[in-house]
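Residue-level listing of the chains:
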Amino acid sequence: SVSALAVFCPAPPVMRFSLALLVGATGHGHTEGGWTKPPVPTGVTVKDHNLTVGEETFISYVAMPGDGTAEGTKGALVFPQWQGLTHYEKWRAEELAAMGYHAIAVDLYGNGMVCDGDFTCASTNAGKVRTDQTRTNGIVNEALKALAGMAPKEKLVAMGYCLGGTVALELARHPNKGASAGYTVAAVSSFHGGLAPMDQPAAEASLATDVQVHHAELERTDADGNDAHAILRIWEDEFIKAANTTTKKWQSFKYSHCEHGWTEPGTDIYRPRESVRAHTATYQFFEHSLGSDAHVAPVCET
């Protein structure tokens, strides 16, 4: 069985978020079957939100502060790992909403498809996201349009896991182009995401977005079988050049004794304390990138 304890830590009046410490034993991408999502936080409103690209519908998930009627002050996109949009990414959107964000957890596969441990389903659909750039750009751009209708377009951030981390990084690589057409997000964060570009690397001196990546020590290869640590060094070189002469920041973190997917509760590779540290760093990074001096509350690690 799986048990969950939602822990709310002391926080300044407008800055608080929750951590679930869980017990489970399944592999990366099995979150849907190995974990029970905590209840929607008090003061957060949620609903499904359909994104339409061509003739396809992508059933995404919106979490909003309060009753959802007030104009937002900041917005966040959450991109899922390769099994599709699960309860985990929806929970992260709720967590962001509890911190004052209008958040959209984005369906990248269509019709809310969740592969739930089916390797063939996941690899086929993830491959489509990676290779059909026109379709992927359309999905992400529609999500940005929806989010910009809820919060100021200059106050948007994005984060993602695994495949979703790769997608988030593309927003930083190509501001106001492709998936980002019409938008330049303030910051992105990638959790155990593939770091190689889906299309072209960032151009030198082009960085207009603050960028953060969280990488596992035991991450041996990327989605294409390349050495993951060599790719991390290549990524750092890419963003050193992209940040040259700009005021934007990039950061990379590596977590010892962690495997790919280590932020996913309900799996045997979940590392709660490292996950807490990574998310705390991300949320603080977002606040600073949005021009706020507010501090994210410390997270209980019981």
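Going by the structure above, here's the rest.
The following refers to the structure shown. Throughout, a residue's number is its position along its own chain's written sequence, starting from 1. Given that the model is predicted, a residue must reach a pLDDT of at least 70 before its local features are reported, and side-chain atom pairs must reach 80 or more before they are shown or counted; all residues, however, enter totals for whole chains, interfaces and linings. With hydrogens and water set aside, each side-chain value is computed from the structure's full complement of heavy atoms.

### Let's talk about the overall build of the protein
Here is the rule: In this text, helices come from DSSP runs of H or I with a minimum length of four residues, and strands from runs of E with a minimum of two, each type numbered from the N-terminal end. With a 1.4 Å probe rolled over the protein chains alone, any residue whose accessible area is under 20% of its type maximum counts as buried; one over 50% counts as exposed, and the rest are partly exposed. Throughout, a contact is declared for two residues whenever any of their heavy atoms are within 4.5 Å. All accessible areas in this document rest on Shrake-Rupley with a 1.4 Å probe, and a residue is counted as covered only by the protein chains that are shown.
For the protein, the helix and strand inventory stands at seven helices and ten strands. Residue burial in the protein is summarised as follows: out of 302 residues, 53% are buried. Across the protein, every contact between residues at least 6 apart in sequence was considered, and the portion connecting residues at least 24 apart equals 72%. For the protein, the computed accessible surface area is about 12100 Å², with 52% contributed by carbon and sulfur atoms.

### A look at the sheet that holds strand β3 (residues 44-53)
Sheet strands associate in pairs through backbone hydrogen bonding, adopting either a parallel or an antiparallel arrangement. Let me state the cut-off plainly: For two strands to be treated as a pair, DSSP must find no fewer than two bridges joining them. Fitted lines through C-alpha atoms serve as axes, helices being fitted only where they are in contact, and the angles separating the N-to-C directions of these axes extend from 0 to 180 degrees.
In space, the eight strands of this open sheet follow the order β3-β4-β6-β5-β7-β8-β9-β10, with mixed pairing throughout. Each edge of the sheet is formed by a strand with only one pairing partner; in this case those strands are β3 and β10 (250-255). With strand direction ignored, the average angle separating the axes of adjacent strands in the sheet is 15°. The pairing of strand β8 (residues 187-191) with strand β9 (residues 210-216) spans five bridges and is parallel. Its bridge partner lying in β9, Phe191 is registered against His214.

### Focus on the pairing of strand β6 (residues 102-105)
A regular strand places its side chains so that they alternate between the two faces of the sheet. As a reminder, the rule being used: Orient the strands so they point away from the viewer, and a crossover whose first-strand-to-second-strand path over the helix runs clockwise is right-handed.
Residue alternation in β6 divides its side chains into two sets, His102 and Ile104 and Ala103 and Ala105, and both sets are buried. With three bridges joining them, strand β4 (residues 56-65) and β6 adopt antiparallel strand pairing. Bridge assignment links Ala63 to a residue of β6, and that residue is Ala103. In this structure, strand β5 (residues 75-79) lies alongside β6, joined through four bridges in parallel fashion. Of the residues in β6, the one forming a bridge with Ala76 is Ala103. As a crossover connection, the stretch from β5 through helix α2 (residues 87-98) into β6 is right-handed.

### What about the packing of helix α3 (residues 119-131) against helix α5 (residues 163-173)?
Which entries qualify depends on this criterion: Convention used here: angles under 35 degrees read as roughly parallel, angles over 145 as roughly antiparallel, angles from 65 to 115 as roughly perpendicular, and any remaining angle as oblique. Any residue outside Ala, Val, Leu, Ile, Met, Phe, Trp, Tyr, Cys, Pro, Asp, Glu, Lys and Arg is labelled polar, Gly included; the first ten of those are nonpolar and the last four are charged.
Contact geometry for α3 and α5: axes closest at 11 Å, N-to-C directions at 10°. Looking at the two axes, α3 sits roughly parallel to α5. Facing α3, whose interface residues are Ala126, Val129 and Arg130, α5 presents Leu163, Thr166 and Val167. Taken together, the residues of the contact of α3 with α5 break down into four nonpolar, one polar and one charged.

### Some thoughts on the state of the cysteines
Formally, a disulfide is one covalent bond, and it connects the sulfur atom of one cysteine to the sulfur atom of another. Stated formally: In this description, the term disulfide denotes a pair of cysteine sulfurs within 2.5 Å.
Summed over the entire model, instances satisfying the criterion amount to one disulfide. The disulfide partner of Cys115 is Cys121, and the S-S distance across this bridge is 2.1 Å. One disulfide, between Cys115 and Cys121, carries an S-S torsion of -65° and so falls in the left-handed class. The pair formed by Cys115 and Cys121 is uniform in burial state, with each residue classed as buried.

### Re the environment of Gly34
Tracing the backbone shows Gly34 in helix α1 (residues 31-34). With 234 residues separating them in the primary sequence, Gly34 and Asp268 have C-alpha atoms 9.6 Å apart.

### As for helix α4 (residues 133-148)
The test is simple: One less than the residue count of a helix, multiplied by 1.5 Å, gives the span that helix is expected to have.
Relative to the 22 Å expected for 16 residues at 1.5 Å per residue, α4 spans 22 Å between its end C-alpha atoms, a close match to the ideal helical length. For α4, a buried count of twelve out of 16 residues is recorded, marking the element as mostly surrounded by other parts of the structure. Among the residues making up α4, those that are buried are Gln133, Arg135, Thr136, Asn137, Gly138, Ile139, Val140, Asn141, Ala143, Leu144, Ala146 and Leu147.

### Focus: unusual backbone geometry
One non-glycine residue with positive phi stands out, namely Asn111, at about 60°. In this fold, Asn111 is placed in the loop between β6 and α3.

### Comments concerning the side chain of Asn141
When you line up the elements, Asn141 lands in helix α4. Not counting chain neighbours up to four residues away, the residues in contact with Asn141 comprise Gly178, Ala179, Ser180, Ala181 and Tyr183.

### Re the nonpolar core
Note the threshold: We define the nonpolar core as a collection of buried residues of types Ala, Val, Leu, Ile, Met, Phe, Trp, Tyr and Cys that are connected through side-chain atoms lying within 4.5 Å of one another.
Ranked by internal contacts, the top residues of the largest apolar core, which has 50 residues, are Leu77, Phe79, Val106, Leu108, Leu171 and Val188. Sequence-distant contacts of Val106, defined by excluding residues within four places in its chain, comprise Leu51, Ser60, Leu77, Val78, Phe79, Pro80, Leu85, Ile139 and Ala143. Listed in part, the 32 residues of the second largest apolar core include Met99, Ala216, Trp262 and Tyr283.

### Quick notes on the packing of aromatic side chains
Rules: Stacked, tilted and edge-to-face are the three classes applied to pairs of Phe, Tyr and Trp rings, where Trp contributes its six-membered ring and a pair requires centres within 6.5 Å; stacked means planes under 30 degrees apart, edge-to-face means over 60, and tilted covers the rest. A positively charged side chain is recorded as over a ring if its NZ (Lys) or CZ (Arg) lies within 6 Å of the ring centre. The angle to the ring normal must also be within 35 degrees.
As enumerated under the stated definition, the model contains seven aromatic pairs in all. The interplanar angle of 85° and the centroid separation of 5.8 Å between the aromatic rings of Trp235 and Trp250 together place this pair among those described as edge-to-face. One end of the pair, Trp235, is in helix α6 (residues 228-243); the other, Trp250, is in strand β10, and 15 residues separate them in sequence. One aromatic cluster is present, built from ring pairs that chain together Tyr88, Trp91, Tyr161 and Phe191. One Lys or Arg, Lys74, reaches over the ring of Tyr101 and ends 4.4 Å from the middle of that ring. In this structure, Lys153 packs its charged tip against the face of Tyr183, placed 4.9 Å from the ring centre.

Purely geometric numbers; function is a separate question.
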